Amino acid sequence: MAQEYFNYIDGKWVAAASGKTFASHNPATGELVGRAPESEAQDVARAVEAAARAFEKWRKTPAPRRAEIIHAAADLVRTRKQALGELLTREMGKVLSEALGDVQEAVDMGMYMAGEGRRLNGLLVPSELPNKWAMAVRDPLGVVGIITPWNFPIAVPSWKIFPALVTGNTLVWKPAEDTPVLAVEFVKIFEEAGLPPGVLNLVTGYGVPAGEALVEHPQVKLISFTGSNEIGKTIAIRCAQLGKRVSLELGGKNAIIVLDDADLDLALDGIIWSAFGTSGQRCTAASRVIVTPNVHTKLAESIADRAAKLRLGNGLLPTTDVGPLINQDAVTKVHHYTDIGRGEGAALLVGGERGTEGDLAHGHFYKPTVFDRVLPTMRLAQEEIFGPSLAIIRARDIDDAIRINNSVNFGLSASIYTSNVNKAFAAMRDVTTGIVYINAGTIGSEVQLPFGGTRGTGNGHREGGGPPVLDVFTEWKSIYVDYSGRLQRAQIDTDSLVQ
Ligand code: NAP
């Protein structure tokens, strides 16, 4: 019998009102990981109502007290890092070292946001009038709706849950249908850390109806969404119609630029790690290499050679370099792009097929794939594939490389390998992505800086860390205190002050 998991509503673990459940499977082996509630609109409504009831008390709980609970939760995540990491590999597939990194990011974010409990800086500025005080503080929004993807099933929710809580919001979380068990284990930690009932509520289930019901609910003031462009755009349109705030963190088509003067061994390590880590299923994964002519052939051969040697397998085995894709649809999509690349006339150097040998037959594996002679306008070079598929594009020089980098409808992460400091600084100035790396791959952000992208990657918000994440989850409230005891008119009575 598969273990059954439950929604967390108003501090209680409950089944969906319909009693329906859905299965979560290990993408490497097909093993059943567990069953979770298939929630519908009425479950979401119960969760939102619980969050709304809990809001008044939580927002009035002093931020340092809120932060103590957050700190305790982050500490529990740290204590359970190994167990959570192993579960993460079982349910989502990424290799264990990366799964442990996913969990560590939640520890980092929790600790960072616990610190915010004693900071939450506002603004204090001089007034233009005498005997008047001018300042601005952050107010929570109320009930916030959090919708997350499966590829960082602990880290991405932590980027949203910790800042939402420290700023005094209550929330309802709808995790991805592929990783519900991890969501339950993460929420159990908040319960153990002492979070009051109703402050954090979990509803598992499908995007439609559960995610959609969260977007639609009139008491939800903000949708913080991380996922695909397609769904993000639908949600943004709906939120605009409903007059609701929405924060979007969407897809990427990230590139590594390699110039003739680069340290090629260093670049090669960064490319392999960024393109094939997490089987290419990171929003920051490198899916393009843009290379200048003198090193093109050598680099392409080296990438193909290294990619061919990567070992596919179950992420729990120490011999595995690359784990499975999340499900069979993902395998079909990646293979579809292999067909597109071939059809467009790109040169397939390695991979381009499913991994089906031995135990791989039980999971959703795709061989690391490298295309050379890709033109910047090809679909292979423009669209997010979200798998282990890399396109090599030749550029004339640094200006051409940066132009190609900036010419996609995504703007999350980019990197440049060069030993010329002037070129590095030119790239820092001219690359138009939200994250830029010099002599490092496209992945590996840290929580103390903003995370997010330009163009189609989002709508201008930044989550994942840094002070701007607080802007997503708060409203600014400007407060003027006039202690002059008389009527003072801003912009009008100021002239008389100048003698
Ligand atoms: P997705 O298909 O867009 O799903 C994301 C979440 O939205 C899931 O929980 C999904 O539920 C839910 N959902 C689906 N339809 C919905 C609807 N109509 N209304 C409300 N919610 C709905 O994305 P994914 O495949 O899980 O994740 C991969 C994508 O996320 C990639 O594009 C990747 O680049 C992006 N990503 C971006 C970042 C970033 O910070 N920029 C980070 C990580 C991932 P179901 O699971 O039931 O479909």
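Computed from a predicted structure; not experimentally measured.

Novice: What's the story with the overall build of the protein chain in this structure? I'm lost.
Specialist: Per the secondary structure count, the protein chain includes 15 helices and 23 strands. Taking 499 residues into account, the globule formula puts the C-alpha radius of gyration at 23 Å, and the protein chain, at 24 Å, falls close to it. Projected onto its principal axes, the C-alpha coordinates of the protein chain cover approximately 80 × 70 × 40 Å. Going through the 499 residues of the protein chain one by one, you find that 57% of them count as buried.

Novice: I keep staring at helix α5 (residues 155-166) and nothing clicks. Help me out?
Specialist: Along an α-helix, residues three or four apart share an orientation, since each turn contains 3.6 residues. Over its 12 residues, α5 runs 17 Å from end to end, which matches the ideal 16 Å to within 8%, given 1.5 Å per residue. Burial within α5 is extensive, with 12 of its 12 residues counted as buried. Two residues or fewer past α5, G168 is found with a positive phi of approximately 95°.

Novice: Please explain the environment of V289 as it appears in this structure.
Specialist: Tracing the chain through its elements places V289 in strand β13 (residues 286-291). Considered as a pair, V289 and I271 are 18 residues apart in the sequence and their alpha carbons are 7.8 Å apart. Those residues in contact with V289 that sit more than four places away from it in its chain are I256, V258, I271, L299, I303, L390, A391, I392 and I393.

Novice: Explanation requested: the sheet that holds strand β5 (residues 123-126) in the structure shown.
Specialist: Backbone-to-backbone hydrogen bonds pair the strands of a sheet. The strands run either parallel or antiparallel. With antiparallel pairing, three strands are arranged side by side in an open sheet as β5-β6-β23. The open sheet has two edge strands with one neighbour each: β5 and β23 (474-482). If you compare each strand with its neighbour and ignore which way they point, the axes differ by 20° on average. Where β5 and strand β6 (residues 132-140) come together, four bridges link them in antiparallel fashion. If you follow L124 over to β6, its bridge partner there is M135.

Novice: Explain the pattern of salt bridges to me, please; I cannot follow it from the model alone.
Specialist: As a working rule, side chains carrying opposite charge can pair if their charged atoms are close by. What the rule picks out here adds up to 28 salt bridges. Across the pair E40 and K20 runs a salt bridge whose closest N-O atoms are separated by 3.1 Å. You can see E40 sitting in the loop between β4 (32-37) and α1 (41-60) and its partner K20 sitting in the loop between β2 (12-14) and β3 (21-25), a full 20 residues away along the chain. Note on E40: relative accessible area 21%, which makes it partly exposed.

Novice: I keep staring at the sheet that holds strand β17 (residues 369-372) and nothing clicks. Help me out?
Specialist: An order of β14-β17-β18-β13-β12-β20-β21 is seen for the seven strands of this open sheet, with the pairing classed as mixed. Every other strand in the sheet has two partners, leaving β14 (347-350) and β21 (435-438) as the edge strands with one partner each. With direction set aside, neighbouring strand axes in the sheet form an average angle of 20°. Relative to β13, strand β12 (residues 254-258) runs parallel, the two sharing five bridges. Each residue of the ladder has a partner; that of I256, found in β13, is V289. Sheet strands in contact with helix α9 (residues 264-276) are β12, β13, β17, β18 (389-394) and β20 (413-417), and its direction is about 170° off that of β12. In this fold helix α13 (residues 398-405) packs onto β12, β13, β18 and β20, with an angle of close to 160° to the strand it touches most, β13.

Novice: Looking at this structure, I do not really get empty space enclosed by the protein. What am I missing?
Specialist: Empty space left among the atoms is revealed by rolling a probe the size of a water molecule over them. A full pass over the atoms with the stated rule returns two cavities of 30 Å³ or more. In this structure, the largest cavity occupies an estimated 100 Å³ of space. Taken together, 16 residues line the largest cavity, and the ones lying closest to its centre are G280, R282, A285, S287 and F386. By residue class, the composition of the lining of the largest cavity is six nonpolar, six polar and four charged. As for the second largest cavity, its lining consists of K253, N254, A255, R288, N405, V408, F410, G411, L412, S413, T433 and R455. Those elements giving two or more residues to the lining of the second largest cavity turn out to be β12 and β19 (410-411). The residue makeup of the lining of the second largest cavity, split by class, is four nonpolar, five polar and three charged.

Novice: Where do I start with a nonpolar patch on the surface in this structure?
Specialist: A surface patch of nonpolar side chains, about 420 Å² in accessible area, is lined by V421, F425, M428, V436 and I438. Of all the secondary-structure elements, those providing two or more residues to the nonpolar patch are α14 (421-430) and β21. For the nonpolar patch, the element with the most residues is α14, which contributes three residues. Among the secondary structure elements, I438 is positioned in strand β21.

Conventions and cut-offs
- Residues numbered from 1 in each chain as written.
- Predicted model: local features only at pLDDT ≥ 70, side-chain atom pairs only at ≥ 80, totals over all residues.
- Heavy atoms only, no water.
- Helix = DSSP H or I, 4+ residues; strand = E, 2+ residues; numbered from the N terminus.
- Rg over C-alpha atoms; globule rule 2.2 N^0.38 Å.
- Buried < 20%, exposed > 50% of the residue type's maximum accessible area, 1.4 Å probe, protein only.
- Expected span 1.5 Å × (residues − 1).
- Contact = heavy atoms within 4.5 Å.
- Pairing = 2+ DSSP bridges.
- Axes fitted to C-alpha atoms, helices over the stretch in contact; angles between N-to-C directions.
- Salt bridge = Lys/Arg side-chain N within 4 Å of Asp/Glu carboxyl O.
- 1 Å grid on protein atoms, 1.4 Å probe; cavity = no way out; pocket = protein on both sides within 12 Å on 5 of 7 lines; lining within 4 Å.
- Points joined across faces, edges and corners; volume = space filled by probe spheres on them.
- Nonpolar A, V, L, I, M, F, W, Y, C, P; charged D, E, K, R; others polar.
- Patch = residues over 30% accessible without salt bridge, like charges linked within 9 Å, V, L, I, M, F, W, Y side chains within 5 Å.
- Areas by Shrake-Rupley, 256 points an atom, 1.4 Å probe, with all protein chains shown as cover.

Function cannot be read off these values alone, since they describe shape.
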